[in-house]
Every structure is written in structure tokens, then in C-alpha cells.
Amino acid sequence: MQKANGANGDGRWTFFREFVKHPLQIGSVIPSSHFLERRVVEAARIRSARTIVELGPGCGGTTRALLREASPRSRVLCIELNPRLHALVSGIDDERLIVHLGGALSLRETLSRYGLDAPDAVVSGIPFSTMSAASGSQIVREVSAVLAPGGCFVAYQLSGRVAELCRPVLGAERVELELRNLPPMRVYRWAKAKD
Ligand SMILES: C[S@@+](CC[C@H](N)C(=O)[O-])C[C@H]1O[C@@H](n2cnc3c(N)ncnc32)[C@H](O)[C@@H]1O
């Protein structure tokens, strides 16, 4: 169902070039390791999710990990701000996948544009520590508003900024540390209360 991604292998070179041009937006020199991808997929309980949203797929390694685990009847919506990385992820051939060029700030509008149900899981690698507090808070409010009851928000981050932004909206976090990633990364998880 999935094919190789772009002419330059797994897109790492494009990822690095985009980091050099837009360091604050990309937020990381290299993509996530397979260890981190695995931990994120497990934390978000992707196997049982029907609608999945990924914020900031980058060059698509995390997207492929989500698709490997997701059920055949799921839908995966990726929202990527960077046009070159968006083009790269759009090369993944999988009928469950929608790749949208745009920002996480318009999450509600983007879900309704594609006629998708409330997501059971929102997974995010976007760098909350380099964006303004106002933008970060608004993204968190969007995530909280769209999540299905019982759904979860999983954010993998170097800094604890995302937790400061999420606590007032989504409550206390559960956090794990993935040491087998360069750099070691925190994986935060919030579950939205069931009605
Ligand atoms: C640290 S990279 C993560 C890439 C990939 N998921 C991984 O783990 O290797 C962050 C990604 O988020 C994207 N991004 C940053 N801000 C964004 C926003 N507001 N909306 C959507 N994507 C954003 C960047 O362009 C970049 O591709």
C-alpha cells in the first residue's frame, strides 16, 4: 500500500535542508527515530483509532509508522505547514491518507473541509517551544475542541512548553521519555474526558 517517498530516499536530506532554511518551524535537525515513532504509535493507541490526525509529519517517517499500525478502515489526516515537506508526504501512496498543506491553527476547519469525524487520536511533532504562546494555546484549544470523547492528544517534544499550554485545557499529562532518540524526547499524552 505504501511506496518509497520521493527521489531522495526517505526524505532526510530535504528535511535537513528545510531545517537550515526554517529552523524554528522545523524544530529538529533530523527526523524521529524508529524507537520514537513506535512509542508515539503505542501512546496514541493507533490500532483502535478510526480517525487519526498528524500535525507536522515532516518527511513522513512518523506518518508511515501510523499507517503501518492503523486499521484498514481508518483515515489519517496529516497537516504540514512546509510546502516541500508536504510534497514529500503527498508521495506516500495509501488510500487512507489525506495530506493537507496548512497550519495546525486551522484544525477544526481542515477536518470539516475533508468531512472527517472527530479524531480518536491527534499526534503532534510541531515545535511548541519556538512558536508564540498565543499560537500554541490556540492550537491546544483546537485539538481539545475536535477530539472525540475519550480521544487522546500525543505530543513528542524536547521541551516541557507543550505541557504548560495543555494543562489548563486538557488537565494533567502522562509523560514518558524515549532515550533511544537523538535527542532524547518526551512523549506527552492527554486523554479527553468521555461525556
Ligand atoms: C520536528 S518536525 C517533526 C517531523 C516528523 N513528524 C518527525 O517526527 O520526524 C516538525 C514538523 O512540524 C511542521 N510544523 C511546524 N509548525 C507547524 C504548524 N503550525 N502546523 C503544521 N505543521 C507545522 C514542520 O514543518 C515540521 O515538518
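Residues numbered from 1 in each chain as written. Predicted model: local features only at pLDDT ≥ 70, side-chain atom pairs only at ≥ 80, totals over all residues. Heavy atoms only, no water.

Draft legend 1. Quick peek at the sheet that holds strand E3 (residues 97–101). Pairing is mixed in the open sheet, where seven strands are placed in the order E3-E2-E1-E4-E5-E7-E6. Looking at strand neighbours, the two that pair on one side only are E3 and strand E6 (174–178), the edges of this open sheet. The average angle at which neighbouring strand axes cross in this sheet is 15°, direction not considered. The strands that helix H5 (residues 83–90) touches are strand E2 (75–80) and E3; relative to E3, the one it contacts most, it runs at about 165°. (Pairing = 2+ DSSP bridges. Helix = DSSP H or I, 4+ residues; strand = E, 2+ residues; numbered from the N terminus. Axes fitted to C-alpha atoms, helices over the stretch in contact; angles between N-to-C directions. Contact = heavy atoms within 4.5 Å.)

Draft legend 2. Just the side chain of Thr62, in detail. Structurally, the position occupied by Thr62 is in helix H4 (residues 61–69). Residue classification places Thr62 among the buried residues on the basis of a relative accessible area of 11%. With residues near it in sequence (within four places) discarded, Thr62 still touches Ser32, Glu37, Glu54, Pro57 and Tyr156. (Buried < 20%, exposed > 50% of the residue type's maximum accessible area, 1.4 Å probe, protein only.)

Draft legend 3. Just the nonpolar core, in detail. Within the largest apolar cluster, 27 residues are counted, with the highest numbers of intra-cluster contacts made by Leu55, Phe128 and Phe153. Looking at this core, the elements that each hand over two or more residues are strand E1 (51–55), E2, helix H6 (107–113), helix H7 (133–146), strand E5 (152–157), helix H8 (161–170) and strand E7 (185–191). In terms of residue count, the dominant contributor to this core is H8 (five residues). Aside from chain neighbours lying at most four places away, what touches Phe153 is Val122, Ser124, Phe128, Val143, Leu147, Val162, Cys166, Leu170, Tyr188, Arg189 and Trp190. With 25 residues, the next largest nonpolar core counts Leu36, Ile46, Ala49 and Leu97 among its residues. (Core = buried A, V, L, I, M, F, W, Y, C linked by side-chain atoms within 4.5 Å.)

Draft legend 4. Region of interest: the pairing of E5. In terms of burial, E5 is largely enclosed, as six of its six residues are buried. Along E5, one buried face is formed by Cys152, Val154 and Tyr156 and the opposite face, lined by Phe153, Ala155 and Gln157, is buried too. Sheet topology places strand E4 (residues 121–124) next to E5; four bridges connect them, and they run parallel. Directly across from Val123, in E5, lies its bridge partner Val154. Between E4 and its parallel partner E5, the chain crosses via H7, and the hand of that crossover is right-handed. Sheet topology note: the E5/E7 ladder contains six bridges and is antiparallel. (Right-handed = clockwise from strand over helix to strand, strands pointing away.)

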